[in-house]
2 protein chains.
Amino acid sequence: MADRIRWKREKVYIAVVAAIVPRTWSNDPVRKPTSDRTSAGRATIHDVARLAEVSTATVSRVLSGGKPVSPQVADRVRAAAQEVGYRPNPAAQTLLRGSSQTIGVVVPDLGNPYFAEILKGIAAEAAGDGHHTLVAGTEEDPEQEYRSAIELARWVDGLLLCAPRMSAPQLKEVAEASRRLVLINRVLRHPSVGAVVVDYHHGVRELCAHLASLGHERIVYLEGPSTAWSDQQRQRGFRAAGLPVTRVACGSSLRDGYAAVDEALTHEPTALIAFNDHVAVGVLSRLRELGITVPDDLSVVGVDDAPMSAHTDPGLTTYAVSTVELGRQAWQHFSPTASTATTHLSGELVVRGSTARPRRRRTVKPSR
Amino acid sequence: MADRIRWKREKVYIAVVAAIVPRTWSNDPVRKPTSDRTSAGRATIHDVARLAEVSTATVSRVLSGGKPVSPQVADRVRAAAQEVGYRPNPAAQTLLRGSSQTIGVVVPDLGNPYFAEILKGIAAEAAGDGHHTLVAGTEEDPEQEYRSAIELARWVDGLLLCAPRMSAPQLKEVAEASRRLVLINRVLRHPSVGAVVVDYHHGVRELCAHLASLGHERIVYLEGPSTAWSDQQRQRGFRAAGLPVTRVACGSSLRDGYAAVDEALTHEPTALIAFNDHVAVGVLSRLRELGITVPDDLSVVGVDDAPMSAHTDPGLTTYAVSTVELGRQAWQHFSPTASTATTHLSGELVVRGSTARPRRRRTVKPSR
DNA sequence: ATGAAAGCGCTAACAC
DNA sequence: GTGTTAGCGCTTTCAT
């Protein structure tokens, strides 16, 4: 049996986490007969009230706590609620309160472990303050991202967009549609939008300095999505670093990295900078297939310090920013008193085994 | 100016991830002053009705489509809706319909790329049928899982639990609390619960047969969480395979795999079976650190065929089940006509570079 | 301390 | 074809 990479398993999911349904604006008309418009036989507050022989108002008072109720009544109500297994209808609560105690998070790719980390981070923060977290993956499609965001905005008290790819005008629309909008790794000139961004400019300079100190001169950068702000920041960083860096179109996924290697090699680099660690994993895999040894033949670096980056072979040199801190800062921005200023987070270079001095000079670029 | 009515003809269905809040049953009392009980200044159907000089019922008719309305009125309404940026309040719709057009998905670990895949799979299926998907990560905590499930159950039309770790009684409670409950990789004797499970019994036998055919005799199995049904299935598979397999406590994460290697090695195995691919990645990493070559010194296999398993060094031999099929089947179970029988899915052995004949006999177990 | 009643935003039944 | 009305389940006045 062949030791093969089974690409067929990796076929593209068109609309993965968020998909558009070409439907009419509202869903199918309510199908239920009128008699059954109620919420699927679950106990309501009325059931509890009847059983405890009090008014619904009292039930509500008991269950929300902090209201003046006589202990006997309170006990009766709690017992009744327990008995019928009552739980309040969240839709009704939301409707009444005008708040769902929920924030929405949109990420370009749920399959990217780095985003999964960020997700956990802010979910934990939000949970600590009594909020749910809703997350949508957009499969790197800016249009889908826009629609997801607009839709989510109606549900949630606050919206967090991670590395949004949509256009600035669209982003402004989303800002208008949201109670509160916070961005990660994107800036937008808008009065009510907060943001926390990683200083990729710094990160790239660090990486370049590291590579330069090792003696690398021919460096290829595997570009991320062109609509990604963070990619633009990296590119600016390269210009500032003053190293000649050749750019090769790539993308943001493992597969993208795998696929971009061959073209990158035509430039005969001594070092490769991947858009992020996820991409870098794909790069390492392809290089291994080609029999190119890292770091002896070629150095590879990533950006992000994803959880697996310490576990690749060799370990990945990368630029690390704490996802915990990212989550914490993002959550701060949802506070009513938060400023809308942009928070800058810088990370640090993490040197692992994927970088070294160029061992042998590969043949010089073809004559030109 | 009124160019098109893009959003009115299509609804965006979002896949969402929800983290549940470890809180008391009710949230803090409404803080808003009475005057501001309304939904944060967003346009309501009344605003549209007023502007278009029609009744709210007519607005609703126009926007839901398929209802008899005169073209002129329809245009006026659409223009008005456009102008004020009206979007229906989802909470109100949900309350009225008694259905949120949403399913909930609970996974033990969002950081496990395999679950991310499953997630994408069922989200795509659900979206295709016009349903949102809510997902909660539980960090492998059964209690949190239970609370998330119970909480989510109130919101969603159907609940999907991936590899739930909670106890059977708790699971039954969740079943009672849900409109519809579907399980992945867990079985529960309950009349209304559907399930789709991977035949790990078969998978493990395949893996064992493969290892046996290579000549392996001393095999260590790195156990998953003891509360995982799928782990129990694997263990049963080992017994059926008739190979002596030594069990070592491990877990389900990359780090768990990394940490369990040292103890596993004390048994001087020629092959290691990891609970899943995620664990196996950690294993490979630790083995590399220790200077143990895979597969020459030691063969390693995983289970799941996660996306990265083709990209490790060496590629991971594993047991593959299509996440797409898993998602599709799970979604089937939400259909009103679905049976509650358990669907069994079997996968296939995928042989990559991490398994080979034992190259050299390591020293025999110390005398005892 | 408790109950009655209003109403969150929306849609379906029932007039006309 | 369109308006009026009722009510989804809940919380909060405003009475008592």
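These figures come from a predicted structure and were not determined experimentally. (Residues numbered from 1 in each chain as written. Chains lettered and ligands numbered in written order. Predicted model: local features only at pLDDT ≥ 70, side-chain atom pairs only at ≥ 80, totals over all residues. Heavy atoms only, no water.)

**Details of the domain arrangement of chain A**
What counts is decided by this rule: Boundary definitions for the domains trace back to an automatic or database domain assignment.
When the domains of chain A are assigned, the result is domain 1 (45–96), domain 2 (101–198) and domain 3 (200–322). Centre-to-centre separation of domain 1 of chain A and domain 2 of chain A, based on C-alpha positions: 35 Å.

**Things to note about helix H8 (residues 168–177) of chain B**
All names here are of chain B. Inclusion rule: Residue burial is assigned from relative accessible area. The probe radius is 1.4 Å, only protein chains are included, and a residue is buried under 20% of its type maximum, exposed over 50%, and partly exposed in between. Starting at the N terminus, helices and strands are each numbered in turn, a helix being any DSSP run of H or I of at least four residues and a strand any DSSP run of E of at least two. This arc corresponds to the set of directions leading from the helix axis out to the C-beta atoms. In this analysis, two residues are considered to be in contact whenever any of their non-hydrogen atoms come within 4.5 Å of each other.
Here H8 has its buried residues at Gln170, Leu171, Val174, Ala175 and Ala177. With its buried residues spanning 165° around the axis, H8 presents them on a single face. Exposed residues pointing more than 90 degrees away from the buried face of H8 are listed as Pro169 and Glu176. Elements that come into contact with the buried residues of H8 comprise helix H7 (142–155), strand E5 (158–162), strand E6 (181–184) and strand E7 (193–198).

**Things to note about the pairing of strand E6 (residues 193–198) of chain A**
Residue and element names in this part refer to chain A. Rule in force here: For two strands to count as paired, DSSP must find a minimum of two bridges between them.
Of all six residues that make up E6, six are buried, and the element is covered over most of its length. Residues Val193, Ala195 and Val197 of E6 are buried on one face, and the alternating residues Gly194, Val196 and Val198, pointing to the opposite face, are buried as well. Note that strand E5 (residues 181–184) and E6 share four bridges and pair parallel. Bridge pairing links Ile184 to Val196 in E6. Sheet topology note: the E6/strand E12 (residues 342–345) ladder contains four bridges and is parallel. Residue pairing for E12: Val196 is matched across the bridge by Thr343.

**Points about the UniProt feature "domain: HTH lacI-type" (unreviewed entry) in chain A**
Test applied: UniProt positions are given in the numbering used here, feature names are shortened, and annotations may be inferred rather than shown by experiment.
Cross-referencing UniProt, the feature "domain: HTH lacI-type" (unreviewed entry) maps to residues 43–97 of chain A in the present numbering. Taken end to end, residues 43–97 of chain A is 71% helix and 0% strand, and its two terminal C-alpha atoms sit 21 Å from one another.

**Here we look at the side chain of Gln235 of chain A**
All names here are of chain A. Of note, Gln235 is situated in helix H9 (residues 229–241). Given a relative accessible area of 10%, Gln235 falls into the buried group. Setting aside residues no more than four positions away along its own chain, Gln235 makes contact with Tyr221, Glu223 and Arg247.

**Some remarks on the sheet that holds E6 of chain A**
Residue and element names in this part refer to chain A. We apply this condition: Convention adopted: a line fitted to C-alpha atoms gives each axis, helices being fitted over their contacting stretch, and angles between N-to-C directions are expressed from 0 to 180 degrees.
Taken together, six strands build an open sheet; the order of strands is E3-E2-E4-E5-E6-E12 and the sheet is parallel. Each edge of the open sheet is held by one strand with a lone partner, namely strand E3 (132–137) and E12. Each adjacent strand pair in this sheet contributes to an overall mean axis angle of 15°, direction not counted. Helix-sheet contacts for helix H7 (residues 168–177) involve strand E4 (158–162), E5 and E6, and the interaxial angle to E5 is about 140°.

**Description of the packing of aromatic side chains**
Aromatic ring pairs: the centre-centre distance and the angle between the two ring planes describe each pair. All names here are of chain A. Worth spelling out the cut-off: Classification of ring pairs uses Phe, Tyr and Trp, with its six-membered ring standing for Trp, and accepts pairs whose centres are within 6.5 Å; under 30 degrees between planes counts as stacked, over 60 as edge-to-face, and the remaining range as tilted. For a lysine, the NZ atom is tested; for an arginine, the CZ atom; a charge sits over a ring if that atom is within 6 Å of the ring centre and within 35 degrees of the ring normal.
Overall, the coordinates contain seven aromatic pairs over all chains when judged by the stated rule. Here Tyr114 and Phe115 contribute two aromatic rings whose centre-to-centre distance is 6.4 Å and whose plane-to-plane angle is 55°, an arrangement assigned as tilted. Since its relative accessible area comes to 4%, Tyr114 is described here as buried. Judged by its relative accessible area of 11%, Phe115 is buried. The ring of Tyr200 has Arg234 sitting right over it, with the charged end atom 4.1 Å from the ring centre.

**A word on the pattern of salt bridges**
As a reminder of what qualifies: In what follows, salt bridge is the name for a side-chain nitrogen of Lys or Arg lying within 4 Å of a carboxyl oxygen of Asp or Glu.
Per the counting criterion, the structure on display carries 28 salt bridges over all chains. Arg78 of chain A is the salt-bridge partner of Asp75 of chain A, the closest N and O atoms lying 3.7 Å from each other. Of the two residues, Asp75 of chain A and Arg78 of chain A are both situated in helix H3 (residues 71–84); the distance of three residues between them amounts to about one turn of the helix. Take Arg78 of chain A: its relative accessible area is 44%, and that puts it in the partly exposed class. Of the charged contacts, one joins Arg352 of chain B and Asp305 of chain B as a salt bridge, the two residues approaching to 2.9 Å between their closest N and O atoms.

**Looking at unusual backbone geometry**
Of note, the amide linkage connecting Val294 of chain A to Pro295 of chain A takes the cis form, showing an omega dihedral of 5°. In this structure, Pro295 of chain A sits in the loop between helix H11 (277–289) and strand E10 (299–301). A cis amide bond, omega -5°, links Asp313 of chain B with the succeeding residue Pro314 of chain B. Structurally, Pro314 of chain B can be placed in the loop between strand E11 (299–301) and strand E12 (318–320). Of note in the backbone geometry, Gln101 of chain A takes a positive phi value of approximately 55° without being a glycine.

**Here's the deal with the packing of helix H2 (residues 45–52) of chain B against helix H4 (residues 71–84) of chain B**
Residues and elements named next belong to chain B. Put simply, the rule is: Convention used here: angles under 35 degrees read as roughly parallel, angles over 145 as roughly antiparallel, angles from 65 to 115 as roughly perpendicular, and any remaining angle as oblique. Note: crossing handedness is left-handed where the near helix turns anticlockwise from the far helix by less than a right angle, and right-handed where it turns clockwise.
Contact pair H2 / H4: the axes reach a minimum separation of 9 Å and the direction vectors enclose 125°. With respect to their mutual orientation, H2 and H4 come out oblique. Like other packed secondary-structure pairs, H2 and H4 cross with a definite hand, here right-handed. When H2 is examined against H4, the residues Val48, Leu51 and Ala52 are found in contact with a partner set consisting of Arg76, Val77, Ala80, Ala81, Glu83 and Val84.

**Points about the pairing of strand E3 (residues 102–107) of chain B**
Residue and element names in this part refer to chain B. For clarity, the threshold we go by: When the strands point away from the viewer, a crossover counts as right-handed if the path from the first strand over the helix to the second runs clockwise.
Within E3, six of the six residues are buried, leaving the element largely enclosed by the surrounding structure. Running through helix H6 (residues 113–128), the crossover from E3 to the neighbouring parallel element strand E4 (residues 132–137) is right-handed. Alignment of E3 against E5, held across four bridges, turns out to be parallel. By the bridge assignment, Ile103 is partnered in E5 with Gly158.

**Brief notes about the sheet that holds E11 of chain B**
All names here are of chain B. Strands sit in the order E9-E8-E10-E11 across an open sheet of four strands; the sheet is parallel. The open sheet has two free edges, formed respectively by strand E9 (245–249) and E11, since each of these has just one partner strand. Taken pair by pair, the neighbouring strands of this sheet meet at an average axis angle of 20°, ignoring direction. In this sheet, strand E10 (residues 271–274) lies alongside strand E8 (residues 219–223) in parallel orientation, the contact comprising four bridges. Each bridged residue has a counterpart across the sheet, and for Tyr221 the counterpart in E10 is Ile273.

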